[in-house]
Amino acid sequence: MLSEQKIRALALERQFIHRPWSAGLPSLLQHLGALQLDAIQRITRAHHHQLYNRLPGYRESHLAESEQRREIFEYWSHAAAYLPMAHYPYARVRMDRIRAGQRHWFEKNTKLCRYVLDRVGAEGPLRASDFVRTKSGWWKWSDEKKALEQLFHEGELMVSHREGFQKVFDLPERILPAKTPTSTASQLEYSCHLVRTFLGCQGTGRAEEIAYLRREDKPLIQRGVKAMLASGELSPLGRELILTEQLERSPARVSRKVRLLSPFDPLILQRKRLRRLFEFEYQLECYVPAAKRRYGYFCLPILYADRFVGLVDLKADRSAGLLRIDSLHWKEKPGGSLKASFHRALGQFARFHGLAREVRVTA
């Protein structure tokens, strides 16, 4: 049985938070399984923040360049995400489900989908704004936008790239590299992939954590766990699961330095797991009415070594060229070493965004 301290150390090691990833961006995504996208740009978008914390010398242009080289692609994991191209057969599982009638967000308009698909096929990559807009009440999306999204989830269209944050759609045969396997993974291959990927990048976990935001996959994940336990690839640790190859490994000593994490970082994305492993309560309050916020609009968890020690609400003030601190909350009074590491992390974070050092606005 691993101690709680070793489980935390293993999670941090497998997440490459303190120890940077030494290979390239596509291999990091293959390790993590997915890179969640988010449109909020209070500082920078979540996908860039996650890569900044793991890839030395990362720049925002690197992600688009990797997509242009067709090393990664955009699809749906537990949420909208970038996936490594090698995982395309696993994405096909969900594509086939949607095509077979599983509903994603809305009812399919077959006639309009055919029209949209024919136009993309004939004209090349198109955005929703390239179609005539029709009135619609569903999130104020046009009917053509809904059709594009339906075809995207079915796998009939893929995202070629984004312009601003707007998707540009094209046919899969014009995007997928020639040697990409296009057959759908089997149910057992898919379920074992989900288990293997989660535990490979999180260290340990529970079946319900592997199934997080994957309601349709829960029975499959149970099947995968059972098969991997039987084969010896997986080992139980009480209620926890671990890849057997990691069981005898001793995690590296955790560095005593600060990391500012994105609210969508895979280390902290599951709040119940975060509370269980790190005894840290966290809520992203941008979705909470202003009067009910306790800590701030876009607070980032402050990780120091293997402990979460506080929250800082940051905002990139582009017009002034500053990274502003709107609020700072410590779980306990910080010592000199923590303060110094925190300010180094802030300075590095500001420079990544092309901003000057932080300016304190409120306590």
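Values in this document were obtained by computation on a predicted structure and should not be read as measured data.

## Some thoughts on the side chain of arginine 259
Inspection of the secondary structure assignment puts arginine 259 in strand β9 (residues 258–260). Here arginine 259 occupies a buried position and makes no salt bridge, while the nearest side chain of opposite charge, aspartate 265, is found at 9.2 Å. Here isoleucine 17 takes part through its backbone oxygen, which lies 3.1 Å from a polar atom of the side chain of arginine 259. Those residues in contact with arginine 259, other than ones at most four positions away along the chain, are Ile17, His18, Asn53, Pro301, Ile302 and Leu303.

## Notes on the nonpolar core
Ranked by size, the top nonpolar core spans 95 residues in total, and within it Leu51, Leu260, Leu267, Phe308, Val312 and Leu314 carry the most contacts. In terms of residue count, the dominant contributor to this core is helix α13 (residues 336–352) (seven residues). Counting residues in hydrophobic clusters, the runner-up holds 17 residues, among them Tyr190, Val195, Ile221 and Leu243.

## Thoughts on the packing of helix α8 (residues 187–202) against helix α10 (residues 218–231)
How two helices sit against one another is set out by the angle between their axes and by the gap between those axes. Taken N-terminus to C-terminus, the directions of α8 and α10 make an angle of 80°; their axes are 8 Å apart at the nearest point. Judged by the inter-axis angle, α8 sits roughly perpendicular to α10. Across from Gln187, Leu188, Tyr190, Ser191, Cys192, Leu194, Val195 and Arg196 in α8, the residues of α10 making contact are Leu220, Ile221, Arg223, Gly224, Val225, Ala227 and Met228.

## Re the sheet that holds strand β7 (residues 234–237)
Reading across from one edge, β6-β8-β7 is the order of the three strands in this open sheet, with antiparallel pairing throughout. A strand with exactly one partner marks an edge of an open sheet, and here the two such strands are β6 (204–205) and β7. The strands that α10 touches are β7 and β8 (240–243); relative to β7, the one it contacts most, it runs at about 100°.

## Here's the deal with empty space enclosed by the protein
According to the stated counting rule, one finds one cavity of 30 Å³ or more in the structure shown. Roughly 40 Å³ of volume is contained in the largest cavity. Looking at the lining of the largest cavity residue by residue, the class counts come to five nonpolar, three polar and one charged.

## A few points about the packing of aromatic side chains
The final tally for this structure, using the stated rule, is 12 aromatic pairs. Linked through ring pairs, Tyr52, Tyr58, Phe349 and Phe352 together constitute an aromatic cluster. When the ring centre of phenylalanine 165 is taken as reference, the NZ or CZ atom of arginine 162 above it lies at 4.2 Å. Positioned above the aromatic ring of phenylalanine 152 is the side chain of lysine 167, whose terminal nitrogen or guanidinium carbon lies 4.5 Å from the ring centre.

Procedures and definitions
- Residues numbered from 1 in each chain as written.
- Predicted model: local features only at pLDDT ≥ 70, side-chain atom pairs only at ≥ 80, totals over all residues.
- Heavy atoms only, no water.
- Helix = DSSP H or I, 4+ residues; strand = E, 2+ residues; numbered from the N terminus.
- Buried < 20%, exposed > 50% of the residue type's maximum accessible area, 1.4 Å probe, protein only.
- Lys, Arg positive; Asp, Glu negative; His and termini not counted.
- Salt bridge = Lys/Arg side-chain N within 4 Å of Asp/Glu carboxyl O.
- Polar contact = N/O pair within 3.5 Å; in protein donor to acceptor, adjacent residues only side chain to side chain.
- Contact = heavy atoms within 4.5 Å.
- Core = buried A, V, L, I, M, F, W, Y, C linked by side-chain atoms within 4.5 Å.
- Axes fitted to C-alpha atoms, helices over the stretch in contact; angles between N-to-C directions.
- Parallel < 35°, antiparallel > 145°, perpendicular 65-115°, else oblique.
- Pairing = 2+ DSSP bridges.
- 1 Å grid on protein atoms, 1.4 Å probe; cavity = no way out; pocket = protein on both sides within 12 Å on 5 of 7 lines; lining within 4 Å.
- Points joined across faces, edges and corners; volume = space filled by probe spheres on them.
- Nonpolar A, V, L, I, M, F, W, Y, C, P; charged D, E, K, R; others polar.
- Phe/Tyr/Trp six-rings, centres within 6.5 Å; stacked < 30°, edge-to-face > 60°.
- Lys NZ or Arg CZ within 6 Å of the ring centre and 35° of its normal.

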